[in-house]
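Examining the three-dimensional arrangement
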Amino acid sequence: MASDPKVHTFEEVAIHNKTKDCWLIISGKVYDVTPFMEDHPGGDEVLLSATGKDATNDFEDVGHSDTAREMMEKYYIGEIDSKTVPAKRTYIPPQQAAYNPDKTPEFVIKILQFLVPLLILGLAIAVRHYTKKE
């Protein structure tokens, strides 16, 4: 670690919230985990979900190994200015597809996927039966 670590503001850290540019705040320290995104055992989504906030609780709740804690040192880039970290973060839910309460089209498709092959099979049997020479 550097003898005089750089102090980052929360706003500065929060903008680094993409797969190709990801910074995390854990225990008052700032880590640039961008090089680790593909290698993280929980996947990059776990790391991305911890951006834009103090991720200390997220990190501790998982119960990381001593090896994981040692690994963090190489991603350390400075300290967080604790005065700039908001006391409470506003929850922004992830974007989801609109809920479709009317499931009729899906139901009709599933019924047709079942009935059409039966109809074809029945037609084939009928043709064979009526065209058979006696």
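This section reports on the structure supplied with the text. (Residues numbered from 1 in each chain as written. Predicted model: local features only at pLDDT ≥ 70, side-chain atom pairs only at ≥ 80, totals over all residues. Heavy atoms only, no water.)

1. A look at the pattern of salt bridges
Any two side chains of opposite charge can pair, so long as their charged atoms come close to each other. Here is the rule: Any Lys or Arg side-chain nitrogen found within 4 Å of a carboxyl oxygen on Asp or Glu counts as a salt bridge. Three labels apply to residues, based on accessible area from a 1.4 Å probe with only protein chains included: buried if under 20% of the type maximum, exposed if over 50%, partly exposed otherwise in between.
For the coordinates displayed, the defined rule picks out two salt bridges. Between Arg69 and Glu60 there is a salt bridge, with its nearest N and O atoms 3.0 Å apart. Overall, Arg69 belongs to the partly exposed group, its relative accessible area being 30%. Given a relative accessible area of 37%, Glu60 falls into the partly exposed group.

2. Quick notes on the nonpolar core
Grouped burial of nonpolar side chains is what soluble globular proteins tend to show. Worth spelling out the cut-off: We call a set of buried residues a nonpolar core when its members are Ala, Val, Leu, Ile, Met, Phe, Trp, Tyr or Cys and they connect through side-chain atoms within 4.5 Å of each other. Helix and strand definitions follow DSSP, with helices as H or I runs of at least four residues and strands as E runs of at least two, each counted in order from the N terminus. Two residues form a contact once any of their heavy atoms are found within 4.5 Å.
Counting 14 residues, the largest nonpolar core has Cys22, Leu24, Ile26, Tyr31, Val33 and Leu47 as the members making the most contacts within it. The element best represented in this core is strand β3 (residues 21-26), accounting for three residues. If we ignore the near neighbours within four places in the chain, the residues touching Val33 are Cys22, Leu24, Leu47 and Tyr75. Counting residues in hydrophobic clusters, the runner-up holds six residues, among them Val13, Ile25, Val30 and Ile80.

3. Quick word on the side chain of Thr56
Condition: Here a polar contact is recorded for every N or O atom pair within 3.5 Å, except that within protein the pair must consist of a potential hydrogen donor and a potential acceptor, and residues adjacent in sequence are included only if both atoms are side-chain atoms.
Mapped onto the elements of the fold, Thr56 is located in helix α3 (residues 56-62). A residue is classified by how much of its surface remains accessible, and Thr56, at 16% relative accessible area, is buried. Within the local environment of Thr56, its side chain forms a polar contact with the backbone nitrogen of Ser27, the two atoms lying 2.6 Å apart. Setting aside residues no more than four positions away along its own chain, Thr56 makes contact with Ile25, Ile26 and Ser27.

Purely geometric stuff here, so don't read any function into it on its own.
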